[in-house]
Amino acid sequence: MNTNAFALRHIGPRADDQNKMLTTIGVDSLDQLIYETVPNDIRLKKDLDLDQPMTEHEYLLHIHELSKKNKAYTTYIGLGYHPTILPAVIQRNILENPGWYTAYTPYQAEIAQGRLEALLNFQTMVIDLTGMEIANASLLDESTAAAEAMSLLFAVRERDQKKAGINKFFVSENILPQTLSLLKTRSNPIGIELVVGKEEEFNFSEEFFGAILQYPGKDGQITDIKSFISKANSNRIKVAVAADILSLVKLEAPGKFGADVVLGTTQRFGIPMGYGGPHAAYFATKEAYKRDLPGRIIGITKDANGNRALRMALQTREQHIKRDRATSNICTAQVLLAVMASMYAVYHGPKGLKHIANKVHNKTVTLANELEKLGYKQVNSSYFDTLQIKTKAKKIKKVATEKKVNFYYPDKKTVTISINETTSIRDINYLISVFAKAADKKTITISAIEAFNNIEETIQRQSDFLTNGIFNSHHSETELMRYIKLLERKDLSLNHSMISLGSCTMKLNAASEMLPLSIFKWANIHPFVPAKQAKGYLTVIKKLEDQLTEITGFAATSLQPNSGAQGEFAGLMVIKAYHESRKDHHRNICLIPSSAHGTNPASAVMAGMKVVVTKSTAEGNIDVDDLREKAELHKDNLACLMVTYPSTHGVYESAIKEITQIIHDNGGQVYMDGANMNAQVGLTNPGNIGADVCHLNLHKTFAIPHGGGGPGVGPICVAKQLVPFLPGNPIIKTGGKKAITAISAAPFGSALACLISYGYIKMLGAEGLTESTKIAILNANYIKQRLQGSFDTLYSGERGRAAHEMIVDCRPFKANGIEVTDIAKRLMDYGFHAPTVSFPVAGTLMIEPTESESKAEIDRFCDALISIKTEIDSVSKEDDNNVLKNAPHTLDMITADEWVFPYSRETAAFPLDYVRENKFWPSVRRVDDAYGDRNLVCSCTPIEAYMEA
């Protein structure tokens with residue numbers, strides 16, 4: 001046994017266990033199972049061409065050496081990204097803790113109360129600082145949040161504005177350049193006309209429905225947003241404000257001035273720059289717009305005992321329900337980063353944040369004063385942390401580069417300097433010396449920072465913030481460490497047990513893949529530094545792009561999309577650009593199978609396409625005849641087909657090549673949703689089945705952890721004809737020769753997280769990746785066989801096999817009064833997170849074990865489901881006081897003096913012997929979603945106030 005091989009550590013079942021599983025399934029070998037599962041005509045004819053796998057030790061040495069190619073200059077570029085100080089207690093106990101980073105989206109609220117509380121803190125922090133009424137639990141980055149704000153304001157136009165076709169949106173020229181690029185990407189497909197100009201010259205015409213301001217502006221100037229918003233409100237123009245969150249400690253909240261949306265990034269709250277991400281964006285608005293608020297909202301409700309409980313609110317906005325009518329295509333968030341940012345606020349509290357903000361501002365003013373003594377002209381009249389110096393930029397840049405300092409140079413006559421939390425007096429003196437040398441003058445040395453206030457009195461902060469006790473209680477490391485642990489214990493993560501969520505691929509996130517995230521020269525690189533300073537990152541990015549291109553069988557890859565839904569949108573926009581380059585502007589029909597992920601139709605609508613749904617057969621496959629009929633009907637306007645492979649029903653459709661050919665024959669392109677790529681790697685690929693573009697979920701197939709609901713990374717891989725259109729960035733050159741405008745804020749999306757997938761591929765190599773796919777299929781078919789007789793599998797392949805996941809039918813149990821939700825909640829008592837509930841078929845469970853789970857763990861999971869089936873058989877529709885309907889059972893229930901249930905405490909809490917060894921206690925009973933939606937509370941609120949709602 002080669003114990004150095006990473007594949008041995010990543011793949012769960014041992015060789016002996018694999019043989020036992022194959023015997024249970026009824027095949028002689030793993031190769032026979034794969035032959036019976038994957039259609040032969042789509043199998044790859046040769047192995048993947050990848051580097052030989054590294055051991056974990058070799059990889060860590062390799063990644064350390066690569067980090068040295070990054071030059072960690074002192075950086076004052078700003079533009080939405082700043083050096084920060086991540087408190088070690090947060091780094092060690094959250095970022096580096098699998099109890100936090102391996103959790104899934106909190107769809108099962110009873111076993112996610114810890115994350116939900118941290119996210120409620122995040123929302124409260126955002127509401128307080130912005131002065132708005134409601135906030136969500138994070139978005140992907142500031143620029144995409146700005147695009148979501150534009151879309152929301154467009155959606156909530158007044159009736160007569162909609163009737164009149166009012167579609168102009170004013171964008172201040174002080175907006176961040178990457179945000180402007182993304183607004184261009186998102187506006188055109190949905191019929192919004194952008195008008196970029198100076199705030200002071202805007203005429204507030206009735207032709208406009210909305211506007212967006214940057215606060216402070218990209219060059220640091222704080223404009224009079226108060227009067228702008230007042231005039232806009234008088235003219236029925238709704239206003240979004242993109243605000244620096246740290247500046248809001250000193251600047252009055254935009255909500256107090258009447259803003260309709262306030263958005264930005266929380267990167268400044270202790271999150272490393274990571275060459276662009278991941279970072280949690282924030283988004284706050286008025287309660288009147290809550291039904292149009294994108295992303296996830298955490299709300300307070302009550303459980304079955306009437307006690308306070310948390311859960312995701314307003315679930316009807318989810319894409320799998322509303323599909324092409326969804327608010328947006330956002331299907332994930334940046335939960336891990338939002339949790340970290342919220343803990344930063346908890347740790348520092350309002351007084352600590354004021355100290356940090358004052359320190360940043362005072363040092364900025366000090367620097368401005370000293371530079372003016374050297375003869376430099378600083379033109380910002382009111383600013384928080386950024387100076388705008390008018391001088392010969394080339395001369396400054398030469399000296400700054402020699403002294404290893406990065407500024408931003410927007411033009412030949414301007415230098416901007418953004419001071420940050422890490423800036424010391426020594427740094428200020430060093431900066432002064434840079435400008436002194438450039439001016440051929442003797443430098444000035446200061447010994448202390450004085451208190452200044454260079455913010456106009458009318459916009460200085462007057463309102464309180466973070467008054468809730470949670471932000472005023474945990475300021476010692478001991479207290480915060482215990483608070484973090486308290487919340488962690490309320491969450492079920494992969495470090496406790498298997499999470500078998502279909503379509504979500506909850507595999508091992510190996511420690512050796514995660515460790516590099518804490519290396520200084522990976523964590524602390526600004527996304528807009530010169531390429532020479534990011535050679536380590538650019539090496540990894542190029543190699544990862546090449547690896548993914550090889551794995552998918554395509555011609556090129558873009559890592560820019562920072563979620564799966566962003567990848568979908570990017571893929572469709574690239575297809576759209578391709579058609580337009582051929583003068584086929586009219587091609588706007590997107591065919592989508594009825595079984596597709598709900599984000600597919602939502603993304604298509606965002607891309608300006610019209611969705612036409614195609615039927616599925618009784619076996620769960622695409623109805624080829626219906627597809628052909630609709631493709632031919634719309635051949636003159638057909639843009640694309642969106643298809644998931646294997647299908648969302650967990651089946652390798654043998655007709656896939658015929659399907660892709662039909663689309664091509666009718667002038668369309670084929671977009672493949674990469675959600676199920678874990679069943680393809682090394683065996684087949686999107687290029688081989690005839691697709692033209694796919695997105696990949698690096699947070700699924702390629703081992704980036706789900707982080708409790710984010711981060712995610714959703715790169716797109718494309719065929720040769722689509723390469724020229726890969727997305728670009730306005731500051732750093734990237735993308736194709738005819739690049740579409742930006743898809744996310746940073747040139748390479750969440751680059752720091754991409755290190756994880758790079759390591760995953762580097763350590764597994766071609767053989768390990770292929771073996772992982774085979775074992776994922778083995779594990780799924782083993783579960784299918786073990787559950788036979790208790791649960792029926794809804795769909796199977798032509799030879800009766802499942803792919804890497806399967807759907808089990810729970811609808812027959814309605815005869816006993818049991819719903820699929822009851823099974824999901826009862827699984828908690830057995831120590832498991834439920835599989836995916838009621839997707840893509842209502843009343844079912846979609847199970848995906850992944851390759852990382854051992855036979856022993858899979859057996860425990862199957863034993864739990866089989867035991868639950870026995871429990872179902874023992875109850876009737878007339879008897880709703882049973883162990884399933886009352887699940888989950890909390891410690892308070894089990895230890896209560898009174899026991900009013902017709903089954904024993906042991907049956908409730910310890911239904912199988914293995915549960916005793918590692919019992920996980922849900923912290924609340926079953927939550928009441930309907931009550932929470934009727935009484936929407938989305939911030940920290942005293943329990944008395946809530947219960948009176």
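Analysis parameters
Residues numbered from 1 in each chain as written. Predicted model: local features only at pLDDT ≥ 70, side-chain atom pairs only at ≥ 80, totals over all residues. Heavy atoms only, no water. Helix = DSSP H or I, 4+ residues; strand = E, 2+ residues; numbered from the N terminus. Polar contact = N/O pair within 3.5 Å; in protein donor to acceptor, adjacent residues only side chain to side chain. Contact = heavy atoms within 4.5 Å. Pairing = 2+ DSSP bridges. Axes fitted to C-alpha atoms, helices over the stretch in contact; angles between N-to-C directions. Expected span 1.5 Å × (residues − 1). Buried < 20%, exposed > 50% of the residue type's maximum accessible area, 1.4 Å probe, protein only. Patch = residues over 30% accessible without salt bridge, like charges linked within 9 Å, V, L, I, M, F, W, Y side chains within 5 Å. Areas by Shrake-Rupley, 256 points an atom, 1.4 Å probe, with all protein chains shown as cover. Salt bridge = Lys/Arg side-chain N within 4 Å of Asp/Glu carboxyl O. Lys, Arg positive; Asp, Glu negative; His and termini not counted. Charge placed at Lys NZ, Arg CZ, Asp CG, Glu CD. Left-handed = near helix turned anticlockwise from the far one by under 90°. Nonpolar A, V, L, I, M, F, W, Y, C, P; charged D, E, K, R; others polar. Arc of directions from axis to C-beta. Phe/Tyr/Trp six-rings, centres within 6.5 Å; stacked < 30°, edge-to-face > 60°. Lys NZ or Arg CZ within 6 Å of the ring centre and 35° of its normal.

**Q** Give me the side chain of Asn429: which residues, what numbers.
**A** Tracing the backbone through its elements, the reader meets Asn429 in helix α15 (residues 425-438). A distance of 2.8 Å separates the side chain of Asn429 from the backbone nitrogen of Ile446, its partner in a polar contact. The residues touching Asn429, leaving out its near neighbours within four places in the chain, are Thr443, Ile444, Thr445 and Ile446.

**Q** Help me get a handle on the environment of Glu200, residues and values and all.
**A** Take Glu200: it is sitting in the loop between β4 (193-197) and β5 (208-215). Put simply, Glu200 and Met506 are 306 residues apart on the chain and 51 Å apart in space, counted from C-alpha to C-alpha.

**Q** How would you sum up the sheet that holds strand β22 (residues 716-718)? Please name residues and give values.
**A** Pairing is mixed across the open sheet formed by 7 strands, whose spatial order is β16-β22-β21-β20-β19-β17-β18. Lying at the two open borders of the sheet, with one neighbouring strand each, are β16 (556-558) and β18 (610-614). Strand-to-strand, the axes of this sheet are offset by a mean angle of 25°, without reference to chain direction. Summarising the sheet, strand β17 (residues 589-593) and strand β19 (residues 638-644) pair through 3 bridges and their orientation is parallel. By the bridge assignment for β19, Cys590 is matched with Cys640. This element, helix α22 (residues 624-633), spans β17, β18 and β19 of the sheet and lies at about 150° to β18. Packed onto the sheet, helix α23 (residues 656-665) meets β17, β19 and β20 (669-674) and runs at close to 140° relative to β20.

**Q** Which residues make up helix α7 (residues 113-130), and what values go with them?
**A** If you check α7, its first and last C-alpha atoms are 25 Å apart, about what 18 residues at 1.5 Å a residue would give, namely 26 Å. The buried fraction of α7 amounts to 17 of the 18 residues, a majority that puts the element mostly inside the structure. Looking at the residues trailing α7, positive phi occurs at Gly131, about 75°.

**Q** Summarise the side chain of Thr773; cite the residues concerned and give the values.
**A** Tracing the sequence through the fold places Thr773 in helix α25 (residues 751-787). Taking relative accessible area as the criterion, Thr773 reaches 1% and is therefore assigned buried. Setting aside chain neighbours within four positions, we find Thr773 in contact with Asn678, Ala679, Gln680, Val681 and Leu683.

**Q** Report on the pairing of strand β14 (residues 408-411), specifying residues and quantitative values.
**A** Where β14 lies against strand β15 (residues 414-418), 2 bridges are found, and the strand directions are antiparallel. Along β15, the bridge assignment pairs Asp411 with Thr414.

**Q** For a positive patch on the surface, give the residues involved together with the corresponding values.
**A** Together, Lys69, Lys71, Lys404, Lys521, Lys532 and Lys535 make up a positively charged patch on the protein surface. Mapping Lys521 onto the fold places it in helix α18 (residues 520-523). Overall, the relative accessible area of 32% leaves Lys521 in the partly exposed class.

**Q** An account of the packing of α7 against helix α13 (residues 335-373) is needed here, citing residue identities and associated values.
**A** Running from N to C, α7 and α13 cross one another at 65°; their axes reach a closest spacing of 8 Å. Crossing hand, α7 versus α13: left-handed. Across the interface between the two elements, Arg115, Ala118, Leu119, Asn121, Phe122 and Met125 from α7 touch Val335, Ala338, Val339, Ala341, Ser342, Met343, Ala345 and Val346 from α13. For the contact of α7 with α13, a count of residues per class yields 11 nonpolar, 2 polar and 1 charged.

**Q** Run through α22, naming residues and quoting values.
**A** Turning to α22, its buried residues are Val624, Asp626, Leu627, Lys630 and Ala631. Down the axis of α22, the sector holding all buried residues measures 160°, keeping them to one side. Set apart from the buried face of α22 by more than 90 degrees, the exposed residues are Asp625, Glu629 and Leu633. For α22, the elements touching its buried residues are β17, β18, β19 and α23. The backbone nitrogen of Asp625 lies 3.2 Å from a side-chain oxygen of the residue at the head of α22, namely Asp623.

**Q** Tell me what's going on with the pattern of salt bridges, and back it up with residues and numbers.
**A** This model, assessed by the stated rule, comprises 43 salt bridges. When the shortest N-O distance is used, the salt bridge between Lys542 and Asp546 registers 2.7 Å. Of the two residues, Lys542 and Asp546 are both situated in helix α19 (residues 535-552); the distance of 4 residues between them amounts to about one turn of the helix. Judged by its relative accessible area of 45%, Lys542 falls in the partly exposed class. Note that Glu857 is salt-bridged to Arg860, the shortest N-O span being 2.7 Å.

**Q** Kindly report on the pairing of strand β9 (residues 298-302), identifying the contributing residues and their values.
**A** Side-chain direction in a regular strand flips from residue to residue, so the side chains alternate between the two faces of the sheet. For β9, a buried count of 4 out of 5 residues is recorded, marking the element as mostly surrounded by other parts of the structure. As judged from the 5 bridges shared by β9 and strand β10 (residues 308-312), these two strands associate in the antiparallel manner. Bridge pairing in β10 places Gly299 opposite Arg311.

**Q** Account for unusual backbone geometry, naming residues and giving values.
**A** Residues Gly277 and Pro278 are joined by a peptide bond in cis, for which omega reads 10°. Along the chain, Pro278 falls in the loop between β7 (261-265) and β8 (281-285). A cis amide bond links Phe839 to the next residue, Pro840, at an omega of 5°. Turning to its location among the elements, Pro840 is positioned in the loop between β25 (836-837) and β26 (844-847). Phi is positive for Arg236, which is not a glycine, with a value near 60°. If you trace the backbone, Arg236 turns up in the loop between α11 (225-234) and β6 (238-243). With a relative accessible area of 35%, Arg236 lands in the partly exposed category.

**Q** Before we move on, could you go through the sheet that holds β25 and cite the residues and values that matter?
**A** Strand pairing within a sheet occurs via backbone hydrogen bonds; the two strands may be parallel or antiparallel. Pairing is antiparallel in the open sheet, where 4 strands are placed in the order β23-β24-β26-β25. Two strands bound the open sheet, and with one partner strand each, they are β23 (792-793) and β25. Here 2 bridges tie β25 to β26, and the two strands are oriented antiparallel to one another. What sits directly across from Val837, in β26, is Leu845. Across the sheet, α25 lies against β23, β24 (806-809) and β26, angled at about 15° from β24, the strand it touches most.

**Q** Quick rundown of the packing of aromatic side chains? Include the residues and the values.
**A** Summed over the entire model, instances satisfying the criterion amount to 29 aromatic pairs. Centroid distance Phe269 to Tyr344: 5.2 Å. Interplanar angle 25°. Geometry classified as stacked. Here Phe269 is found in the loop between β7 and β8, whereas its partner Tyr344 is found in helix α13, with 75 residues between them in sequence. Of the two residues, Phe269 and Tyr344, neither departs from the other in class, the shared state being buried. Among the aromatic side chains, those forming a connected cluster through ring pairs are Tyr76, Tyr376, Phe407, Tyr409 and Phe435. The aromatic ring of Tyr931 is capped on one face by Lys302, whose charged end is 4.2 Å from the ring centroid. For Lys919, the ring lying beneath its charged end belongs to Phe910, and the centroid distance is 5.7 Å.

**Q** Talk me through the packing of α13 against helix α16 (residues 477-488); I want residue IDs and the actual numbers.
**A** Put simply, α13 and α16 touch, their axes get as near as 10 Å, and they point 145° apart. Judged by the sense of rotation from one axis to the other, the crossing of α13 with α16 is right-handed. Two secondary-structure elements touch here, α13 through Met343, Val346 and Tyr347 and α16 through Glu477, Leu480, Tyr483, Ile484 and Leu487. Residues of the contact of α13 with α16, tallied by class, amount to 7 nonpolar, no polar and 1 charged.

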